[in-house]
Amino acid sequence: MRRSLSVLITITVVLVPAVAGAPVLEVSDSAIRQGEALAVTVRGAPIGVAVQFAGRTWPLYRTGGVHRTYVGADARTIPGTYRLRVVEGSRVLAQRTVTVARVAFRQRRLRLDPDKEALFDPALVAEEQRKVSRALRVLAAEQLWEGAFLVPTVAAPISSPYGVQSVYNGTVRGFHRGTDFAAPEGTSVRAANHGIVRLAEPLPLVGNAVFVDHGLGVLTAYFHMSALSVQVGQRVRKGDVVGAVGSTGVATGVHLHWGLRVNGIYVDPMPWTRDGAP
């Protein structure tokens, strides 16, 4: 009896330090589709860790004593199985396997007037990218949103879903990074959830634009509006008016383009209106 007790105590002393020092990695799902996101939580990791997934390095936000972030697969992510790793420099602290499934996105062909097509000038594209990057340089490290996200226009049909391949005047211009709503001009555009306005200004391609920071790298974008109703730094609540539907920038008609950006990757916003965040 004494020998058994002695062995048990020895095993316990050896195992406890190893378990206590290992970061715990939690993911909201092990399989997503192109256009979807997943939540990542890391417990017991040192400051300065990051996440690697699908060929990118994703930031982790330290909040409430743990590290959290969201990662996504956009319409261009190659389907397959990926390692999601928590890293400190070159050292892998924890990892999980995540599968990305293919979605059969369709194609849309659009005709643009010459003045609209001219907005694809590389200098204007670069200008817009610089303004957006500068505005989104600092983001909230804590979750600001609550519950499911709102559709930003009331009773407006979807005119173009997320992910379709966009062909303008015979030239492929990438995939559609959000959802378009065919609402009448001047219709109020509402904030999809609580957050902080990080950008509110006219941009060359997306027209009058607003970005709302919801925390943890999650932002919603509202494009082509006829008017802006908010200012940079303003805190908005779910349902607050941020602007009005229009046709500014590269738009073939009056509509609202609504996007959801997860740490730099645009994913399909519609699942967030039904099920909330992953």
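Every value quoted in this text rests on a predicted model; they were computed, and no experiment measured them.

(A) Region of the structure containing the sheet that holds strand 21 (residues 241–244). Spatial strand order, 15-21-19: 3 strands in an open sheet with antiparallel pairing. The open sheet is flanked by strand 15 (188–190) and strand 19 (227–228), the only strands paired with a single partner. Pairing analysis gives 3 bridges linking strand 15 to strand 21, with the strands arranged antiparallel. Bridge assignment links valine 189 to a residue of strand 21, and that residue is glycine 243.

(B) The arrangement of the side chain of histidine 224 in detail. Among the secondary structure elements, histidine 224 is positioned in strand 18 (residues 218–225). When its relative accessible area of 7% is taken as the criterion, histidine 224 is described as buried. If near-sequence neighbours (up to four positions away) are discounted, histidine 224 is found in contact with Leu205, Val206, Gly207, Asn208, Gly246, Ser247, Thr248, Gly249, Val250, Ala251, His255 and His257.

(C) Local environment of the pattern of salt bridges. Using the criterion set out here, one finds 7 salt bridges in the structure. A salt bridge links glutamate 26 to arginine 43; the nearest nitrogen and oxygen atoms lie 3.0 Å apart. Here glutamate 26 is found in strand 1 (residues 24–27), whereas its partner arginine 43 is found in strand 3 (residues 36–43), with 17 residues between them in sequence. Among the residues examined, glutamate 26 registers a relative accessible area of 33% and is labelled partly exposed. Note on arginine 43: relative accessible area 38%, which makes it partly exposed. For arginine 91, the salt bridge goes to glutamate 88, with nearest N and O atoms at 2.8 Å. Its relative accessible area of 29% is what places glutamate 88 among the partly exposed residues. Sharing partners across several salt bridges, the network here consists of Glu127, Lys131 and Glu201.

(D) Structural context of the sheet that holds strand 3. On the basis of which strands lie adjacent, the open sheet formed by 4 strands has the order 1-3-7-6 and antiparallel pairing. If you trace the sheet from one side to the other, it starts and ends with strand 1 and strand 6 (61–63), each paired once. The sheet shows a mean angle of 25° between the axes of neighbouring strands, direction not considered. Sheet analysis places strand 6 next to strand 7 (residues 66–73), joined by 3 bridges and oriented antiparallel. What sits directly across from threonine 63, in strand 7, is valine 66.

(E) A look at the pairing of strand 9 (residues 91–101). Summarising the sheet, strand 2 (residues 31–33) and strand 9 pair through 3 bridges and their orientation is parallel. Each bridged residue has a counterpart across the sheet, and for arginine 33 the counterpart in strand 9 is alanine 101. Across 9 bridges, strand 8 (residues 80–88) lies against strand 9 in antiparallel orientation. The residue of strand 9 that forms the bridge with arginine 83 is threonine 97.

About the thresholds
- Residues numbered from 1 in each chain as written.
- Predicted model: local features only at pLDDT ≥ 70, side-chain atom pairs only at ≥ 80, totals over all residues.
- Heavy atoms only, no water.
- Pairing = 2+ DSSP bridges.
- Helix = DSSP H or I, 4+ residues; strand = E, 2+ residues; numbered from the N terminus.
- Buried < 20%, exposed > 50% of the residue type's maximum accessible area, 1.4 Å probe, protein only.
- Contact = heavy atoms within 4.5 Å.
- Salt bridge = Lys/Arg side-chain N within 4 Å of Asp/Glu carboxyl O.
- Axes fitted to C-alpha atoms, helices over the stretch in contact; angles between N-to-C directions.

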